[in-house]
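Each chain, letter by letter, is given below.
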There are 2 protein chains.
Amino acid sequence: MDIRARLAKNLRRLRQAKGWSQEEFAFEAGLHRTYVSDLEREARNPSISIIDKLAGALGVKIGELLD
Amino acid sequence: MDIRARLAKNLRRLRQAKGWSQEEFAFEAGLHRTYVSDLEREARNPSISIIDKLAGALGVKIGELLD
C-alpha cells in the first residue's frame with residue numbers, strides 16, 4: 001500500500017474512532033473540510049506540516065498515520 | 001522542536017550513521033543533493049512522498065524521521 005493510501009486509511013479509522021465527521025476533524029486540525037475529504041480519497045500529497053496538524057488533532061504519533 | 005527541525009536532525013544523524021555524504025544520500029533516495037541539503041537546514045516543508053523516499057533509502061520507519 002503506498003503512502004497516500006496508508007494515510008487515507010489511518011485518517012479515516014482514527015477519525016471514526018473519535019466519532020468525528022470530516023468537518024469536525026477538519027476544525028480540530030485547523031484545515032478545510034474539503035482538504036480532509038481529499039486526504040481520505042488519496043487525492044493529495046500533503047506536507048509534513050499538515051501531517052503534524054493531523055496527528056496533533058488526533059492525539060497520535062506521526063508514525064501511526066504513515067507507517 | 002518543530003517538525004522540520006526534528007526531520008533535519010534525524011536525517012543528518014541517520015545519514016552520518018551510514019557514512020554517507022549528502023550527495024550519496026540524495027542518490028540513494030532519488031533526490032537532488034541540494035534538496036537533501038535544504039532538508040537538513042530546515043529550509044523545506046517536504047511532502048509525504050518525499051519522506052517515504054528518504055525513509056526507504058535509510059531503511060527506517062517514517063516515525064523514526066518525524067516523531
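Shown above is the structure to which this text applies.
First, a word on what this report is: a plain description of the structure on this page. (Residues numbered from 1 in each chain as written. Chains lettered and ligands numbered in written order. Predicted model: local features only at pLDDT ≥ 70, side-chain atom pairs only at ≥ 80, totals over all residues. Heavy atoms only, no water.)

## Remarks on the side chain of R15 of chain B
Residues and elements named next belong to chain B. The condition is simple: Secondary structure is summarised from DSSP: a helix means a run of H or I of at least four residues, a strand means a run of E of at least two, and numbering begins at the N terminus for each. For the exposure calls, accessible area comes from a 1.4 Å probe over protein chains only, and a residue counts as buried if that area is under 20% of its type's maximum, exposed if over 50%, partly exposed in between. Definition of a polar contact: a pair of N or O atoms within 3.5 Å, with one able to donate and the other able to accept a hydrogen when the atoms are protein atoms, and with sequence-neighbouring residues admitted only if both atoms are side-chain atoms. The contact criterion used throughout is that any non-hydrogen atoms of two residues lie within 4.5 Å.
In this structure, R15 sits in helix α1 (residues 3–17). Residue classification places R15 among the buried residues on the basis of a relative accessible area of 8%. A polar contact of 2.7 Å, which involves the side chain of R15, links it to the side chain of E40. Residues within four places of R15 in sequence aside, it is in contact with W20, S21, Q22, F25, E40 and L58.

## Quick word on the relation of the copies chain B and chain A
What counts here: Here the copies were fitted onto each other by least squares, based on C-alpha atoms from residues at pLDDT of at least 70 in both.
Take chain B, turn it by 180°, move it 0.0 Å along the axis, and it overlays chain A with an RMSD of 0.0 Å. The superposition operator between the copies reduces to a two-fold rotation axis.

## What about the nonpolar core?
Quick reminder of the rule: We call a set of buried Ala, Val, Leu, Ile, Met, Phe, Trp, Tyr and Cys residues a nonpolar core when their side-chain atoms join them within 4.5 Å.
Counting residues in hydrophobic clusters, the biggest one holds 46 residues, and the most contacted among them are L54, L65 and L66 of chain A together with L54, L65 and L66 of chain B. The residues touching L66 of chain A, leaving out its near neighbours within four places in the chain, are I3, R6, L7, N10 and I51 of chain A together with I48, I62 and L66 of chain B.

## Examining α1 of chain B
The test is simple: Each residue after the first adds 1.5 Å to the expected span of a helix.
The end-to-end C-alpha distance of α1 of chain B, which contains 15 residues, comes to 21 Å, matching closely the 21 Å that a straight helix rising 1.5 Å per residue would cover. For α1 of chain B, the full list of buried residues reads I3, A5, R6, L7, A8, N10, L11, L14 and R15 of chain B. In the core, the buried residues of α1 of chain B are packed alongside α4 (48–58) and α5 (62–66) of chain A together with α2 (22–29), α3 (33–40), α4 (48–58) and α5 (62–66) of chain B. You can read the cap of α1 of chain B off the contacts: a side-chain oxygen lies 3.1 Å from the backbone nitrogen of R4 of chain B, and it is on D2 of chain B.

## Some words on the packing of aromatic side chains
All names here are of chain A. Here is the rule we go by: Pairs were defined over the aromatic rings of Phe, Tyr and Trp, the Trp ring being its six-membered one, requiring ring centres within 6.5 Å. Orientation was assigned from the angle between planes: stacked under 30 degrees, edge-to-face over 60, tilted for the rest.
Evaluation of the coordinates by the stated rule reveals 2 aromatic pairs over all chains. Seen from their ring centres, W20 and F25 are 5.8 Å apart, and the 25° between their planes marks the pair as stacked. Here the two residues W20 and F25 agree in accessibility, since each one is buried.

## Digging into the interface of chain B and chain A
The condition that has to hold: Throughout, the accessible surface (probe 1.4 Å) given up by two parts as they are put together, summed over both, is called the buried area. For this document, the term salt bridge refers to a Lys or Arg side-chain nitrogen within 4 Å of an Asp or Glu carboxyl oxygen. The residue classification treats Ala, Val, Leu, Ile, Met, Phe, Trp, Tyr, Cys and Pro as nonpolar and Asp, Glu, Lys and Arg as charged. All others, Gly included, are polar.
The partner chain A presents 16 residues to the 16 residues of chain B that form the contact. Ranking the residues of chain B by area buried against chain A places I3, I48 and D67 of chain B at the top, with a combined share of 44%. One can count 2 salt bridges joining chain B with chain A. Between D52 of chain A and R6 of chain B there is a salt bridge whose closest N-O contact spans 3.5 Å. On the surface where chain B and chain A come into contact, there are 12 residue pairs in polar contact (both at pLDDT 80 or more). Counting residues per element, the ones that place at least two in the side of chain B that touches chain A are α1, α4 and α5 of chain B. Its residues placed into classes, the side of chain B that touches chain A shows 7 nonpolar, 4 polar and 5 charged.

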